[in-house]
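Listed below, chain by chain, are the residues.
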Amino acid sequence: MGLIVQKFGGSSVADAEGMKRVANRIVATKKAGHQVVVVVSAMGDTTDELIDLANQVSPLPNGRELDMLLTAGERISMALLAMAIANLGHEARSFTGSQAGIITTSAHGRARVIDVTPGRIQEALKEGAIAIVAGFQGVSQDTNDITTLGRGGSDTTAVALAAALEADVCEIYTDVDGIFSADPRVVPTARKLNTVTYEEMLELAASGAKVLHLRCVEYARRYDLPIHVRSSFSNKEGTWVVKDHPEGGKMEQAIIAGIAHDKSEAKITIVGVPDRTGVAARIFQAIADADINVDMIVQNVSAAATGLTDISFTLPKTEGANATSVLQRIQGEIGFQSIQYDDQIGKLSLIGAGMRSHPGVTATFFACLSEAGVNIEMISTSEIRISIVCRASDLEKGVRSAHTAFDLDADQVEAVVYGGTGR
Ligand code: ADP
Ligand code: ASP
Ligand code: MG
């Protein structure tokens, strides 16, 4: 007998039928003799719909109230799921994030878990019940207000609970059969990975592969907790996220584990920046003070005649307006010429620990993009990742051509998308 944490994403509980299907799955695990803690997301696209609604009543909804609104989505799911399980003759008790002891920072919309005190969950388990926890939410230690963990944050609730409860495994049920070599919605020939390391998954998640929330992977790595990503619509073995690839698998390990793409970023170019010591520091200090996360940065060589240069950087589209107004405020002080804002960019990243020992990855990558007619606008690398920025309209073409160029295409199509709208 073990303790299993199972997390079901929005597409798995999109409607009443989905709730009943998931309830059956949970009861089967319980009947197999395990203690079960379930983390559940809001139904289907509920979170997006609630955000749309908030934007209709206010262009800039207050963070506290927005979190209060969004957490309602997960509460609906947890209660319905508990009812569906009760209908199968098993006791289930639902808990909000706060009741489950998910203690966070006070940053609305992107709170971090700082402690987990799951006393009520342990009590429920001891009494033989199945515990259902609303994902994506917690309560601030400082303000006692309800917080959310950022989009996709239910994964993190599941892993944080699994770590605190010393669960044997954390299962993440979604609408595809596991983690693939690329998003199956974009690359139909994507290949399912048997294992992926924490290190690779961190880079994949940070590069836009939303199958797992970045924080959840950080958490799992810290506690060395295995995650099993699989489909709630099939019984297939999924992908294990673990510390190392198993010994046998290492030999045939591909150079590239996966390809991620991201359309959520925009690019700002600051034109005509005086090429003086301290200018870049001043610009990025102002951006940091506004709590804006910058991703890639490129500075051109300054033109000898003018001593002026251009600096471009990428950032989440959601921060675009904020960053532009911060820069406008320091324009006079720094003396740059203008700001260009471009939200029609896409980021394509190749990730693989095998890159360390294989030269020539960049050459193959750039050659295949050139053949596909994709123009590279920015480049950045880490030890196990190469990312480029291109036009958003070229992104999917670029992903598919890199997938083929690195021999990642599956011989037989195995990538099935069971549900979800990809929103
Ligand atoms: P859930 O609602 O279950 O949390 P998400 O939509 O957050 O599901 O994540 C699952 C989706 O992640 C898939 O439907 C797929 O489109 C996308 N995805 C992106 N990259 C990958 C990848 N490498 N492997 C599998 N899925 C991926
Ligand atoms: N419902 C939240 C979202 O859509 C959290 C999650 O699904 O993980 O982002
Ligand atoms: Mg998700």
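Just so it is clear, the structure is predicted and the values come from calculations on it, not from any experiment.

## Concerning the site of ligand 1
Phase 1: The environment of ligand 1 is made up of 18 residues, and the closest members are T174, D175, F180, D183 and R185.
Phase 2: One of the backbone N or O atoms of G10 is found 3.3 Å from an oxygen atom in ligand 1.
Phase 3: A distance of 3.2 Å separates an oxygen atom of ligand 1 from a polar side-chain atom of K210.
Phase 4: Taking 570 Å² as the accessible area of ligand 1 by itself, protein coverage stands at 90%.

## With respect to the packing of helix α11 (residues 361-371) against helix α12 (residues 395-405)
Phase 1: Following both chains from N to C, one finds α11 and α12 inclined at 130 degrees, their axes separated by 9 Å at the closest point. Classified by the angle their axes make, α11 and α12 are oblique. Here α11 and α12 pass one another in a crossing that is right-handed. Packed against α11, whose contacting residues are T364, F365, C368 and L369, the element α12 presents G398, S401, A402 and A405 at the interface.
Phase 2: For the contact of α11 with α12, the class distribution of residues is five nonpolar, three polar and no charged.

## Structural notes on the nonpolar core
Most often, soluble globular proteins have nonpolar side chains that are buried together.
Phase 1: Membership of the largest hydrophobic core comes to 47 residues, with the highest contact counts inside it found for V5, V37, I121, M201, L212, I227 and V241.
Phase 2: Here the element with the most residues in this core is helix α5 (residues 154-164); it accounts for six residues.
Phase 3: Residue contacts for V241: discarding those within four places in its chain leaves I179, V196, T197, Y198, M201, L212, L225, P226, I227 and V229.
Phase 4: In this structure, I256, L348, M355 and F406 belong to the second largest nonpolar core, which totals 25 residues.

## Remarks on the sheet that holds strand β13 (residues 258-262)
Phase 1: Read from one edge to the other, the open sheet built from four strands follows the order β13-β18-β20-β19, with strand pairing classed as antiparallel. Of all the strands in the sheet, the pair left with one neighbour each is β13 and β19 (378-382). This sheet shows a mean twist of 20 degrees between the axes of neighbouring strands, independent of strand direction.
Phase 2: Its contacts with the sheet place α11 against β18 (345-351), β19 and β20 (385-391), and it is angled at close to 20 degrees to β20.

## With respect to the pairing of strand β14 (residues 265-274)
Phase 1: Most of β14 sits out of view: ten of its ten residues are buried.
Phase 2: In this structure, β14 lies alongside strand β16 (residues 308-316), joined through eight bridges in antiparallel fashion. In the sheet register, E265 faces β16, and the bridge partner there is P316.
Phase 3: By the bridge criterion, five bridges tie β14 to strand β17 (residues 338-342) in an arrangement that is antiparallel. If you follow I270 over to β17, its bridge partner there is I339.

## Points about helix α10 (residues 320-334)
Since one α-helical turn is 3.6 residues long, residues separated by three or four positions face the same way.
Phase 1: Taking 1.5 Å of rise per residue, 15 residues should cover 21 Å, and α10 covers 20 Å from first to last C-alpha, within 8% of that figure.
Phase 2: Listed in full, the buried residues belonging to α10 are G320, A323, T324, V326, L327, I330 and I334.
Phase 3: Once α10 finishes, G335 follows within two positions and takes phi at roughly 80 degrees, a positive value.

## Some details on the site of ligand 2
Phase 1: Near ligand 2 you find S41, T47, E74, F136, R151, G152, G153 and S154, and these make up its full shell.
Phase 2: Separating an oxygen atom of ligand 2 from a side-chain N or O atom of S41 is a distance of 3.2 Å.
Phase 3: The separation between an oxygen atom of ligand 2 and a polar main-chain atom of S154 is 3.0 Å.
Phase 4: Burial of ligand 2 by the surrounding chains reaches 86%, relative to a free accessible area of 260 Å².
Phase 5: A breakdown of the residues in the shell around ligand 2 according to their chemical character gives one nonpolar, five polar and two charged.

## A look at the sheet that holds strand β10 (residues 195-197)
Phase 1: Spatially, the eight strands line up as an open sheet ordered β3-β6-β2-β1-β9-β11-β12-β10, and their pairing is mixed. A strand with exactly one partner marks an edge of an open sheet, and here the two such strands are β3 (92-95) and β10. Neighbour to neighbour, the strand axes of the sheet diverge by 20 degrees on average, direction disregarded.
Phase 2: Judged from the four bridges that link them, β3 and strand β6 (residues 130-134) form a sheet pairing that is parallel. Bridge assignment links R93 to a residue of β6, and that residue is A131.
Phase 3: Contacting β1 (3-8), β2 (35-40), β6, β9 (169-174) and β11 (227-231), α5 runs over the sheet at an angle of about 155 degrees to β2.

## Description of the packing of aromatic side chains
Phase 1: One pass over the full model with this rule turns up five aromatic pairs.
Phase 2: Relative to F313, the ring of F284 lies with its centre 5.3 Å away and its plane at 70 degrees, an arrangement referred to as edge-to-face. Highlighted residues: F284 in helix α9 (residues 279-289) and F313 in strand β16, separated in sequence by 29 residues. The residues F284 and F313 share a single accessibility class, namely buried.
Phase 3: On the basis of an interplanar angle of 40 degrees and a centroid distance of 5.7 Å, the ring pair of F365 and F366 is categorised as tilted.
Phase 4: Here F365 falls in the buried class, since its relative accessible area comes to 0%.
Phase 5: Sitting over the ring of F233, R21 keeps its end group 4.0 Å from the ring centre.

Parameters and conventions
- Residues numbered from 1 in each chain as written.
- Chains lettered and ligands numbered in written order.
- Predicted model: local features only at pLDDT ≥ 70, side-chain atom pairs only at ≥ 80, totals over all residues.
- Heavy atoms only, no water.
- Near = heavy atom within 4 Å.
- Polar contact = N/O pair within 3.5 Å; in protein donor to acceptor, adjacent residues only side chain to side chain.
- Areas by Shrake-Rupley, 256 points an atom, 1.4 Å probe, with all protein chains shown as cover.
- Axes fitted to C-alpha atoms, helices over the stretch in contact; angles between N-to-C directions.
- Helix = DSSP H or I, 4+ residues; strand = E, 2+ residues; numbered from the N terminus.
- Parallel < 35°, antiparallel > 145°, perpendicular 65-115°, else oblique.
- Left-handed = near helix turned anticlockwise from the far one by under 90°.
- Contact = heavy atoms within 4.5 Å.
- Nonpolar A, V, L, I, M, F, W, Y, C, P; charged D, E, K, R; others polar.
- Core = buried A, V, L, I, M, F, W, Y, C linked by side-chain atoms within 4.5 Å.
- Buried < 20%, exposed > 50% of the residue type's maximum accessible area, 1.4 Å probe, protein only.
- Pairing = 2+ DSSP bridges.
- Expected span 1.5 Å × (residues − 1).
- Phe/Tyr/Trp six-rings, centres within 6.5 Å; stacked < 30°, edge-to-face > 60°.
- Lys NZ or Arg CZ within 6 Å of the ring centre and 35° of its normal.

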